Amino acid sequence: MYKLFLSLIVGSSLTYAAMVNGIALTVNDEPITLYDIDRTMAVNKVGKNEAVSYLIDKILYDQVVQENNITADVFDVNDYIEKLANANGMDIYTFKSIVKQKYPDYTVFENEAKNAVIRQKLVQKIVKGQLAIATEEDMKLYYEKNQNQFLTAKSFEVVQYSSKNKAALLETLKNPLSVSADVERAPITLETQSLQPQMQYLLNETKINSFTPIFTANKQFVSLFLVRKNGTTALSFESVKARIFNDIMSTREKKYLKDYFEKQKLTADIKIVR
């Protein structure tokens, strides 16, 4: 009786597993399982039709990438990240420090950068000059229509911590109440108009009552503790021009790829299994 009961349990488990992992449809002979659909619905918080459409798009995308032998190595990724830093008026080290504040797991950001590189290479491969490059007029129009994206505080009230001893400064940042004798502390107010784009970005991306990443200035290591942001003003067009260009071209790339893969769906061999 026990053996019979056990066999029934095992049998039902295998049947359930087969049902969960059962193939729902194929795209050019590549399967999408019921589990794939359920997981996509849960993760993306979408309905079944949206999940299926997303998975079909992903498979078609991966297939085209593979057919064109498109890859992204560590040098491609580092070059992309460096260009992102330059677009925001920052050196690579400061930019990475800010990214690490937003991404506790830096590899997540690196994977996003890798995917962006692959997308750009694919666009270059299949577009063949069909994608319009953003002009000065395009960028100015984008700037005027999206002013809210380029707002910043008029001034920042900060406490500047500086030292020639980086280890002492790091220790102070961990425990601000016990300032090392090697660390100088001074409250200052910084006017946005007088700040370089790198410093504007640094302070805008730092939360109130938090420290900026450590940077170098006047042959010292410096970190700013952000106390308050005062007022609101718009960043100048010139200071965000590179960022706007990237935004416009990224949007155009994504739209082109979306239209391209909508056409791919029409010729793809999609078979519904269940």
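Quick notes on the rules
- Counting starts from 1 at the beginning of each chain's written sequence and moves along it residue by residue.
- For a predicted model such as this one, the threshold for reporting local features is a pLDDT of at least 70, and the threshold for listing and counting side-chain atom pairs is 80 or more; totals across whole chains, interfaces and linings nevertheless cover every residue.
- Neither water nor hydrogens contribute to the side-chain values; these are computed over all heavy atoms in the structure.
- Whenever a carboxyl oxygen of Asp or Glu lies within 4 Å of a side-chain nitrogen of Lys or Arg, that contact is scored as a salt bridge.
- Elements are defined by DSSP. Helices are runs of H or I of four residues or more, strands are runs of E of two residues or more, and each kind is numbered from the N terminus.
- When DSSP finds at least two bridges between two strands, those strands are taken to pair.
- Axis lines are fitted through C-alpha atoms, for helices just across the contact stretch, and the angle between N-to-C directions can take any value from 0 to 180 degrees.
- We call two residues in contact when some of their heavy atoms are within 4.5 Å.
- Residue-level confidence of the predictor, termed pLDDT, takes values from 0 up to 100.
- Accessible area is worked out with a 1.4 Å probe on protein chains only. A residue is then buried under 20% of its type maximum, exposed over 50%, and partly exposed in between.
- Ring geometry is summarised as follows: Phe, Tyr and Trp rings, the Trp one being its six-membered ring, pair when their centres sit within 6.5 Å, and such pairs are stacked at plane angles under 30 degrees, edge-to-face over 60 and tilted between the two.
- A helix is expected to span 1.5 Å for every residue after the first.
- The angle between axes fitted to the seven-residue stretch ending at a residue and the seven-residue stretch beginning at it gives the bend at that residue.

### Quick word on the pattern of salt bridges
So, point 1. Across all of its chains, the model carries 11 salt bridges by this definition.
So, point 2. Notably, a salt bridge pairs Lys 83 with Asp 79, separated by 3.4 Å at the nearest N-O pair. Of this pair, Lys 83 and Asp 79 both sit in helix α4 (residues 74–87), 4 residues apart, roughly one helical turn.
So, point 3. A salt bridge links Glu 262 to Lys 265; the nearest nitrogen and oxygen atoms lie 3.6 Å apart. With Glu 262 and Lys 265 both in helix α10 (residues 237–267) and 3 residues apart, this pair spans about one turn of that helix.
So, point 4. Through salt bridges with shared partners, a single ionic network connects Asp 57, Glu 262 and Lys 265.

### Quick notes on the sheet that holds strand β5 (residues 184–191)
So, point 1. The antiparallel open sheet is built from 4 strands, whose spatial order is β5-β4-β7-β6. Unpaired on one side and paired on the other, β5 and β6 (215–217) mark the two borders of the sheet. Mean inter-strand twist for the sheet, computed between neighbouring axes without regard to direction, equals 45°.
So, point 2. In terms of strand pairing, strand β4 (residues 155–163) meets β5 through 8 bridges, oriented antiparallel. Across the sheet, Tyr 161 pairs through a bridge with Arg 185, a residue of β5.
So, point 3. Across the sheet, helix α9 (residues 197–204) lies against β4, β5, β6 and β7 (220–230), angled at about 60° from β7, the strand it touches most.

### Remarks on the confidence of the model for the protein chain
So, point 1. Across the protein chain, the average pLDDT comes to 85, with 92% of residues at 70 or higher.
So, point 2. Model confidence for the protein chain, summarised as mean pLDDT per element, is weakest for helix α1 (residues 2–20) at 47 and strongest for helix α7 (residues 136–145) at 96.
So, point 3. In this model, residues 2–10 is a region of pLDDT below 50 whose contacts with residues beyond four sequence positions or in other chains number 0 contacts.
So, point 4. Considering only residues more than four positions removed or in separate chains, one finds that residues 12–19, a stretch of pLDDT under 50, has 1 contact.

### Describing the pairing of β4
A regular strand places its side chains on the two faces of the sheet in alternate fashion.
So, point 1. Judged by how many residues are buried, β4 sits mostly within the fold: 7 of 9 residues are covered.
So, point 2. With 9 bridges connecting them, β4 and β7 associate as antiparallel partners. Counterpart to Tyr 161 in the pairing with β7 is Ser 223.

### Let's talk about the packing of aromatic side chains
So, point 1. This model, assessed by the stated rule, comprises 10 aromatic pairs.
So, point 2. Where Tyr 61 meets Phe 261, the ring centres are 5.8 Å apart and the plane angle is 55°; that geometry is what we call tilted. Taken together, the residues Tyr 61 in helix α3 (residues 48–67) and Phe 261 in helix α10 connect sequence positions 200 residues apart.
So, point 3. The class for Tyr 61 is partly exposed, based on a relative accessible area of 22%.
So, point 4. A ring pair is formed by Tyr 260 and Phe 261, whose centres lie 5.2 Å apart and whose planes are at 90°; its orientation type is edge-to-face.
So, point 5. A relative accessible area of 7% places Phe 261 in the buried class.
So, point 6. Counting every residue linked through ring pairs, the aromatic cluster contains Phe 95, Tyr 103, Tyr 106 and Phe 109.

### Side note on the sheet that holds strand β1 (residues 23–27)
So, point 1. Overall, antiparallel pairing links the 3 strands, which are arranged β2-β1-β9 in an open sheet. Both edges of this open sheet fall to β2 (30–33) and β9 (270–272), since each of them pairs with a single strand only. On average, each strand axis in the sheet is tilted by 25° relative to the strand beside it, whichever way the strands run.
So, point 2. Pairing geometry for β1 and β9, over 3 bridges, is antiparallel. Bridged to Val 27 within β9 is Ile 270.
So, point 3. Where helix α2 (residues 34–44) meets the sheet, its contacts fall on β1 and β2, and the angle it forms with β2 comes to roughly 55°.

### Focus on α10
So, point 1. The first and last C-alpha atoms of α10 sit 44 Å apart over 31 residues, in line with the 45 Å expected at 1.5 Å per residue.
So, point 2. At Arg 243, α10 is bent by approximately 35°, the largest bend along its length.
So, point 3. All of the buried residues in α10 are Phe 237, Val 240, Ile 244, Ile 248, Met 249, Glu 253, Tyr 256, Leu 257, Phe 261 and Lys 265.
So, point 4. Check the buried side of α10 and you find it contacts α3, α6 (106–127), α7 and β9.

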